[in-house]
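# Residue-level structure breakdown
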Amino acid sequence: AAVVACGTMLPLQATPRVDVGQQLPPAYLVEKFRVCGPEEVTGGKESLMLGDYTGKVLVVGTYYVGCNPGRTDAPTYSALAAKLSVLPPTAGRTGFIATLKGGVNDARCGSWANLNGSTPGFPTLVDDEDRSLLYKLFEDRHPEYVVIDHCGTVAARVGALAEPESNEEGARLNAVRLEEIVESLAANLSAACPSGSDAAPSGGAGAREMARGDVPVAPIKAPPTVATCGAQQQAAAFAAQSVLVASGASHKLAKPRTVTLNPLVPDELWVGNHDTDGVSVISLDPATGVAVPDASLRRRDRAPYHYMDRMSQLAFDPRGFFATCQESTNNYEGMMQANLFMGPTMYHADPSVMVTQRGEPCAYARGESADGAERCYFLHSDMLHESPLCMGITHDSSEQMTPYQNVYWAFDGLNNTLVRYDFEKPHGPGYLDHSLATVRRYPEIELKREPGVVGHLQIDDATRILYVADTGNGRVVAVAADSGRFNKTARQDLGGDYVIWSSLNSTFEYSLYACVAQYDLVSDVAQPSGIAVASEAGIVFVAEHGSGHIIALRAHGRDGTLGGEEIARFATGAGAIMGLNWDSDNERLYYVDAERNEARFVTVDICNSVSEAGTKADADAVLASFPAVECAAETGDLGIAIDHVTHDDGYQNTTMMGPEYGLSTDCPAINNDMLLMSGYLCHACLPDVCNELDQGKCTNVLGKGYYCTCSNGWSGDDCHIAPPEDEP
C-alpha cells in the first residue's frame, strides 16, 4: 500500500469524456483531427471533425500502436467498417474512425492500415498524438469502440471485438454485437433528435475549468499591454539598483535556485531551495514588492529526499498546479545507490490539499500554525521518471490540444537534451499508476549540463517559441514548440534504447521526436541560467551566471523576425545568479542569488519597439523564419507489441508490495523507491526528515505518514524550534 492521505483528495481535473446517453457538446463536433497515412490510405483527406458525421452512425475505435490486443482487433474492425460502409442497408449511412496513439506518423499509419489483411481506408485513421479525441470518448480501456448515433449521442460502448460481450456461456462476440448495434441505429436515421439538454459538459482541447470542489482557480489573465516606444526610447531600461526582497534563514532561503509568483496568491513569491529540498513561501508587500516581516514559510513534500531532491526549477500553471524538476540521480541523500529513477513531480499550491505529517487534512489557511510549530506538506499528484539531473522545467500554458493541459518542457541533464512531459490525467494522491502519460525526447536539441548551475526554460505564449538556457554550451536556444514529429519509440521493451520509464503499459508513450525547428537566439553567454519572457514587449531576459548580469534580448518576432539582439544589460552583483521571474503587472524582474541566499528584484521599464508587438502572432510566419530542417524519411515499422499490462504498485510498476517489504533493515539490499511505495516515509534506510537539525527522530505510521520525537528541548513538527534561552 502506498502512503495515502486520510480524508484528503487532491483536486483532479474534470474528465472530458462523454458517457453513454449523452450528446457530444458542440465544441467536440467542430474540433479538427489530423487524418494520417499515405495518400493511398487517406485518399487525400487531411482532417476530419466528428460533426462531419452528423446524420449518420459513427463508430470510433481506440488503439495504441504497441498494444497486442489492438493489433489483433484491427483487421476485424477494418473488415466490419468496409462491409457496413459499402453494402446495403448501411451503405452511405455510417462512418468509421480509429484513433491511433503511442507513436504515430504517416508511415506508421500506412502500416497499420495494411495490418494483417486490413482494408486500407477502413476505418479512417486519426493521428491522436495529443490524445484529444481519446479523452473525449474513452478512458483507459483499449481496444474499445464507441457508437454515436445520427443525433450525436453516444449510444453504446463495445469492448475488444474478439472477446465475448459477457462471461455467460454462449455469449455473442463483441464484433457481432457492434455490427447489430450499427445496423439497428442506421435503420432509424429519421428518428427525432433530443433538444440538446442531454449534451455533456464541454471539455477537451482548450478546456480550462476543472472539477475542483472548493479549491480556488486563478483567473486566466488577459495578456498585458504596454505602450509603444517613443523616439530614442529603449525597449527595456533597467533601474539603477536592485531591491532586496528576502534573505537568509529567516526567510527559509538555502541556496535558492528558482523563483516564481503563485498565480492563486499573486503577492506570494515562491523560491525553490537546493539545500532544503523545499520551497520558501514569501508574503510580499504589494506596494513595495519586498517580504512582509515574519511571514515567510517553508513548504515541502514529506519525502523531499525523493520528490523534491536538489530542486532546480519550480513551474506553475495558471490554475495553481505546479511541477518541480530535480538535479538528482535519486540516491536518497547518499543512503542508496543512485538508480536514475527521477523526473518531474506535480503538485497543487492550495493549502487545503496539503496534509500533516500523519496524512491528515491541513487545518491552516496558510499551511502552518500561527506559531510555526505545526506544518503542512505538499501531496504529490503525479511523478514521471525520464529526466534525472534535470536542470529546468516550464509549463506550456499556451498549448491548446491536450485535454488536461498538463504539458511541461524539461532540460534533461543526464542525456543532455530536451524532454516534453504530458502528465495527462494525474494519478492523484495515494496512487502510483503512471500508465496514462506521454513523454517525448528531442535528441536534436543538444544541450549540455553545467553541474550546479540551473538551465531554465520559458515559453513565449504569443509565438509558441520555447527558450532554453543551454548552460554548458553558453547559449540560449529558441525552439518552435509545435514543430517536430514522431521518429521512433524510446522504450526498450518496444524496441527503443532507453531502459528506464514510468509504466509498462502500452498506453504510456515514450517516444523520440525529430525534425524540430530551432536556432541559437544568442550563443556567447557565460553560463546562462535563468530565463524569463516579457511577451507583451517581445523581450527575453537571461541570467548570466558567469558574470552576474541580466541581459535583455529581442525575442523571436510575432511576424517571424529572428530575435537575439541585445537591448540592455544589468549588473546584479550576484555571486551565483540563478532563476528569474517577470512580474508583468508591476514591471519587476525577480531573481535569486544562490551564493548569498537572497531574492531580489530590479524594476524594468519596458515598451513595444517593433510594429508587430502586441498583435496576434502569425504562426506560419513564425515557423517559416526558422532555419530549414532536413528531415529523414519516416519509418513505418510498428515495432514490438505487448499484451495489456494491468498496472500495479511498484518500482517501475512491476512488483506488488506491502508492509512486509519494510521489515528488513538490510539497507544495501533494499530499494528505497519500493519503501516509499510500500507505505514507509520513515525507515532506517531512509533519510530521517525529523533530524534535519540533529534534534529529532521519526516514527513511521504505516500507509499514512510519520511523526517526530524531538530531543534536547527542541519542538515543532520537524523539531525545528529551538528551546528558549535561559533567563540570565
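This is a predicted model, so every value here is computed, not measured. (Residues numbered from 1 in each chain as written. Predicted model: local features only at pLDDT ≥ 70, side-chain atom pairs only at ≥ 80, totals over all residues. Heavy atoms only, no water.)

### Things to note about the overall build of the protein
When you go through the protein residue by residue, the secondary structure sums to 9 helices and 36 strands. Here the protein has a C-alpha radius of gyration of 27 Å; the compact-globule value for 728 residues is 27 Å, and the two agree. When the backbone C-alpha atoms are referred to their principal axes, the protein occupies close to 100 × 70 × 50 Å. Counting every position in the protein, which comprises 728 residues, the buried fraction comes to 59%. (Helix = DSSP H or I, 4+ residues; strand = E, 2+ residues; numbered from the N terminus. Rg over C-alpha atoms; globule rule 2.2 N^0.38 Å. Buried < 20%, exposed > 50% of the residue type's maximum accessible area, 1.4 Å probe, protein only.)

### Some thoughts on the nonpolar core
Counting 38 residues, the largest nonpolar core has Trp270, Val279, Phe322, Phe378, Leu676 and Tyr706 as the members making the most contacts within it. Taken together, the elements giving at least two residues each to this core come down to β12 (278-283), α7 (304-307), β14 (311-316), α9 (672-677) and β36 (705-710). By residue number, the principal contributor to this core is β14, which donates 3 residues. Those residues in contact with Phe378 that lie beyond four places of it in its chain are Trp270, Val279, Arg299, Arg300, Asp301, Arg302, Met308, Phe322, Tyr347, His348 and Met354. In terms of nonpolar packing, the next biggest core, distinct from the first, is built from 32 residues, Val65, Leu161, Ala186 and Leu189 among them. (Core = buried A, V, L, I, M, F, W, Y, C linked by side-chain atoms within 4.5 Å. Contact = heavy atoms within 4.5 Å.)

### Here's the deal with the pattern of salt bridges
Summed over all chains, the structure comprises 38 salt bridges. Glu424 serves as the salt-bridge partner of Arg131, at 3.2 Å between the closest nitrogen and oxygen. Placement of the pair is Arg131 in the loop between β5 (124-127) and α5 (132-137) and Glu424 in the loop between β20 (417-422) and β21 (438-446), with a sequence separation of 293 residues. Residues Arg131 and Glu424 agree in their burial class; the two are buried. When the shortest N-O distance is used, the salt bridge between Arg257 and Glu327 registers 2.9 Å. Highlighted residues: Arg257 in strand β10 (residues 256-261) and Glu327 in the loop between β15 (321-326) and β16 (345-348), separated in sequence by 70 residues. (Salt bridge = Lys/Arg side-chain N within 4 Å of Asp/Glu carboxyl O.)

### Quick look at helix α3 (residues 68-86)
For α3, which comprises 19 residues, the first-to-last C-alpha distance of 28 Å matches the rise-based estimate of 27 Å (1.5 Å per residue) to within 8%. Taking the largest bend as the criterion, α3 deviates by roughly 30 degrees, centred on Ala74, and proline Pro75 comes between one and four positions later. By the burial criterion, the buried members of α3 are Gly70, Arg71, Asp73, Ala74, Pro75, Tyr77, Ser78, Leu80, Ala81, Ala82 and Leu84. Where α3 is buried, its residues meet β3 (57-64), β4 (94-101), α4 (106-113), β6 (144-148) and α6 (174-186). (Expected span 1.5 Å × (residues − 1). Bend = angle between axes of the 7 residues up to and from the residue.)

### Section: the packing of aromatic side chains
Scanning all chains against the criterion turns up 26 aromatic pairs. A ring pair is formed by Phe322 and Tyr347, whose centres lie 5.4 Å apart and whose planes are at 25 degrees; its orientation type is stacked. Placement of the pair is Phe322 in strand β15 and Tyr347 in strand β16, with a sequence separation of 25 residues. Residue class for Tyr347 comes out buried when judged on its relative accessible area of 0%. Feature note: the residues Tyr63, Tyr77, Phe96, Trp112 and Tyr145 constitute an aromatic cluster, connected by ring pairs. Lying over the aromatic face of Tyr28, Lys136 brings its terminal NZ or CZ to 4.8 Å of the ring centre. Over the ring of Phe601 we find Arg588; its NZ or CZ atom is 5.2 Å from the centre of that ring. (Phe/Tyr/Trp six-rings, centres within 6.5 Å; stacked < 30°, edge-to-face > 60°. Lys NZ or Arg CZ within 6 Å of the ring centre and 35° of its normal.)

### With respect to the side chain of Ser283
One can find Ser283 in strand β12. Separated by 2.9 Å, the side chains of Ser283 and Arg366 make a polar contact. With residues up to four places along the chain from it excluded, the contact list for Ser283 reads Asp267, Val290, Ala291, Val292, Ala295 and Arg366. (Polar contact = N/O pair within 3.5 Å; in protein donor to acceptor, adjacent residues only side chain to side chain.)

### Notes on the sheet that holds strand β23 (residues 465-470)
Spatial strand order, β22-β23-β24-β27: 4 strands in an open sheet with antiparallel pairing. In this open sheet, the two strands that pair with only one neighbour each are β22 (457-460) and β27 (518-522). Looking at each pair of strands side by side, their axes are set apart by 30 degrees on average, direction ignored. Pairing geometry for strand β24 (residues 475-480) and β27, over 4 bridges, is antiparallel. Paired with Val476 across the strands is Val522, a residue of β27. (Pairing = 2+ DSSP bridges. Axes fitted to C-alpha atoms, helices over the stretch in contact; angles between N-to-C directions.)

### As for the state of the cysteines
Scanning the model with the defined rule gives 10 disulfides in all. Covalently, Cys362 is tied to Cys376 through a disulfide, its sulfur atoms 2.2 Å apart. Judged by the torsion about the S-S bond (85 degrees), the Cys362/Cys376 disulfide is right-handed. Taken together, the residues span a long stretch of sequence, with Cys362 in the loop between β16 and β17 (382-383) and Cys376 in the loop between β16 and β17 at a distance of 14 residues. With respect to class, Cys362 is no different from Cys376; both count as buried. Here Cys667 connects covalently by a disulfide to Cys685, the sulfurs 2.0 Å from one another. Classification of the bridge connecting Cys667 and Cys685 rests on its S-S torsion, roughly -90 degrees, and on that basis the disulfide is left-handed. (Disulfide = S-S within 2.5 Å.)

### A few points about the sheet that holds β16
Spatially, β14-β15-β16-β17 is the arrangement adopted by the 4 strands of the open sheet, whose pairing is antiparallel. The open sheet is flanked by β14 and β17, the only strands paired with a single partner. Of the strand pairs in this sheet, β14 and β15 are connected by 5 bridges, and their pairing is antiparallel. Along β15, the bridge assignment pairs Ala315 with Ala323.

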